[in-house]
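What the coordinates show
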Amino acid sequence: MTTGSLKTPDPKLSQFRVKGEIPVPLLINWLTAVAIPLLLFFAWRSSLRDDPVTSPLLVTIAVLLAINAAVFWFSGSKVAQRRGFIALITVLFTYLAVHAVEDGSAIIWLFAYPPIIFYISDARVGVLACAGGFIALLLLFSPLGDLIFSAPYSPGFRLTMLAALGFEMVTCYILDQSRRRSKLGLLKLAADFEYAAKHDSLTGLANRREALAQLDAEYQRYLRSARSFSVLLMDIDLFKSVNDTHGHHVGDELIILVARTLRGECRKIDTLARWGGEEFLALLPETETDEALKMANRIREAIARSAVPVDEHAVKATISIGAAGMRASESIDRLLQHADEALYRAKTLGRDQACAAEGENAA
Ligand SMILES: Nc1nc2c(ncn2[C@@H]2O[C@H](COP(=O)(O)OP(=O)(O)OP(=O)(O)O)[C@@H](O)[C@H]2O)c(=O)[nH]1
């Protein structure tokens, strides 16, 4: 039933991009475009130093980054692009740290890893990758690391590097959390605004604008597949006297009660809307007029049975309903006009009535 309960954003919404945010695939493309010439430059420098491993490895990573970009270009798979990029930069940074490329200075590039990884992946992957990287570096800088690798890092440099990198990782985590929280906040705000724009605040039913949008959507379906639908236009009887006798707040309670009763009587696929002050509209997809009229009578009886308790007594109300079904080559305006005429007839017949539009099943 399209009456609209408040939809709070799902945590997965954090994967959505808010306006102005750089899309992850685009960022990866930019980073790839910058990384490839850099890698080739350092590969060339390594070849001048007669480093037999670094040069081919950097060229290989540059080629694999280009292939990753090409695969994304053809397949459009963002997940494959992200995973491929993360795997390649992880291998690259590990190699730079372990083999002390460029006389040990290449390890400085490790500082690029945490912000990139937090931005392009979710927080869990960021934490795991950074924690894993930090532990690996700790081992590399430990006496155990010295037994396995011959890295020329001085003790002072090791301590500074670990402290600075740990600080950077924690900072990146905090900033990333704050970015995700404010993004979720924005999305929640957008969802709240959207809800408010489409719903009536008193009843939670769709408002008139949303009902018109739903009517138009149903009409387009009807034009495509000839799936018939009907509308019910409903008006609480002698509502003014309820307000005058018991006060506006009791009138409001009555409107809420009618909305609740409508929800109880209608199907999930129906759209229920507050059409005006004490007027309601139900859009009934795949429903012929005779069925709509039966539903209208069920609604009418249910409302006549219910009441708003006020002090010691109960304030009861009745409702008049006009039903109209979509007819061939008719517009939405004509459909609503037929329903309105049927409602007017229900009122003139003495209220607490459900009438079908002229030319359809009579009351
Ligand atoms: N309490 C309350 N009253 C409202 C609201 N919106 C409209 N009304 C009142 O609803 C009343 C509608 O009265 P009328 O259009 O004269 O119709 P009626 O008294 O229901 O009489 P019939 O429709 O002829 O049966 C007006 O007095 C409006 O002020 C609302 O949100 N809350």
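Residues numbered from 1 in each chain as written. Predicted model: local features only at pLDDT ≥ 70, side-chain atom pairs only at ≥ 80, totals over all residues.

Description of the overall build of the protein
Applicable threshold: Numbering of helices and strands runs from the N terminus; a helix is a DSSP stretch of H or I covering at least four residues, while a strand is a stretch of E covering at least two. With the radius of gyration taken over C-alpha atoms, the globule rule is written as 2.2 Å times the number of residues to the power 0.38. Whether a residue is buried, exposed or partly exposed follows from its count of other C-beta atoms within 10 Å of its own C-beta, namely 20 or more, 12 or fewer, or something in between, respectively; the C-beta atoms are built from the backbone. By the convention adopted here, residues are in contact when the distance between their C-beta atoms, placed from the backbone, does not exceed 7 Å.
For the protein, the helix and strand inventory stands at twelve helices and seven strands. In terms of C-alpha radius of gyration, the protein reaches 34 Å, well past the compact-globule figure of 21 Å for 363 residues. Counting over 363 residues, the protein shows a buried share of 29%. A sequence separation of at least 24 residues applies to 67% of the contacts in the protein between residues at least 6 apart.

Considering the nonpolar core
Note the cut-off: Put simply, a nonpolar core is a cluster of buried Ala, Val, Leu, Ile, Met, Phe, Trp, Tyr and Cys residues tied together by C-beta atoms within 7 Å.
Judged by nonpolar contacts, the single largest core of 47 residues is most densely connected at Val 231, Leu 232, Leu 281, Ala 282, Ile 321 and Ala 323. Ignoring sequence-local partners within four residues, the contact set of Ala 282 consists of Val 231, Leu 232, Leu 262, Cys 266, Asp 270 and Leu 272.

Describing the pairing of strand S2 (residues 271-274)
Worth spelling out the cut-off: Two strands form a pair only when DSSP identifies at least two bridges running between them.
Here S2 shows two buried faces, one formed by Thr 271 and Ala 273 and the other by Leu 272 and Arg 274. With four bridges connecting them, S2 and strand S3 (residues 279-285) associate as antiparallel partners. Residue pairing across strands places Thr 271 opposite Leu 283, the latter belonging to S3.

Topic: the sheet that holds S3
For clarity, the threshold we go by: Axis definition: a line fit to C-alpha positions, over the contact stretch in the case of helices; interaxial angles, taken between N-to-C directions, run 0 to 180 degrees.
Judged by pairing direction, the sheet is mixed, and its five strands sit side by side in the order S2-S3-S1-S6-S7 without closing on themselves. Either end of the sheet is taken by a strand with one partner, and the two such strands are S2 and strand S7 (354-356). Going from strand to strand, the sheet's axes swing by 15° on average, the running direction of each strand aside. The sheet contacts of helix H8 (residues 208-225) involve strand S1 (229-236), S2 and S3, and relative to S3 the element is tilted by about 25°.

Some details on the confidence of the model for the protein
Convention followed: Looking at any residue, its pLDDT shows the predictor's confidence there, from 0 to 100.
For the protein, the average pLDDT comes to 90, and 94% of its residues sit at 70 or higher. Ignoring residues within four places in sequence, the model shows residues 4-11, a span with pLDDT below 50, making 14 contacts including any to other chains. Model confidence for the complex is summarised by a pTM of 0.71, with the ipTM given as 0.94.

Remarks on the UniProt feature "domain: GGDEF" (unreviewed entry) in the protein
Note the cut-off: UniProt positions are given in the numbering used here, feature names are shortened, and annotations may be inferred rather than shown by experiment.
As annotated in UniProt, the feature "domain: GGDEF" (unreviewed entry) corresponds to residues 227-359 in the numbering used here. A helix fraction of 45% and a strand fraction of 28% characterise residues 227-359, whose end C-alpha atoms lie 20 Å from each other.

A word on the domain arrangement of the protein
Our working rule: Domain start and end points were adopted from an automatic or database domain assignment.
Split by domain assignment, the protein resolves into domain 1 (11-194) and domain 2 (208-356). The straight-line distance from the C-alpha centre of domain 1 to that of domain 2 is 60 Å.

Observations regarding the site of the ligand
For clarity, the threshold we go by: Any residue whose C-beta atom, as set from the backbone, lies within 6 Å of a molecule or strand is reported as near that molecule or strand. Classification used: nonpolar for Ala, Val, Leu, Ile, Met, Phe, Trp, Tyr, Cys and Pro, charged for Asp, Glu, Lys and Arg, polar for all others including Gly.
Lining the immediate surroundings of the ligand are 15 residues, of which Asp 237, Phe 239, Lys 240, Gly 251 and Gly 277 lie closest. Breaking the shell around the ligand down by element, the ones donating at least two residues are S1, helix H9 (239-246) and helix H10 (248-265). Counting residues per element, the shell around the ligand draws most heavily on H10, which supplies four residues. Of the residues assigned to the shell around the ligand, the class counts are four nonpolar, four polar and seven charged.

Here's the deal with helix H3 (residues 78-98)
Quick note on the threshold: The length a helix should cover is 1.5 Å for every residue beyond the first.
Over its 21 residues, H3 extends 30 Å from the first C-alpha to the last, a length consistent with the 30 Å expected when each residue adds 1.5 Å. Taken together, the buried positions of H3 are occupied by Gln 81, Gly 84, Phe 85, Ile 89, Leu 92, Phe 93, Leu 96 and Ala 97. Tucked inside the fold, the buried residues of H3 contact helix H1 (24-48), helix H2 (54-75), helix H4 (113-120) and helix H5 (123-140). Where H3 terminates, the next one or two residues include Ala 100, which has phi positive at roughly 50°.

A word on the packing of H1 against H4
Applied cut-off: Note that the term roughly parallel is reserved for angles under 35 degrees, roughly antiparallel for angles over 145, roughly perpendicular for angles of 65 to 115, and oblique for everything else.
Running from N to C, H1 and H4 cross one another at 150°; their axes reach a closest spacing of 10 Å. Put simply, H1 runs roughly antiparallel to H4. Contacts from Val 24, Leu 27, Ile 28 and Leu 31 in H1 reach Ile 116, Tyr 119 and Ile 120 in H4. For the contact of H1 with H4, the per-class residue count stands at seven nonpolar, no polar and no charged.

Topic: the environment of Ser 182
In this fold, Ser 182 is placed in helix H7 (residues 155-198). Between the alpha carbons of Ser 182 and Asp 200 there is a distance of 28 Å; along the sequence they are 18 residues apart.

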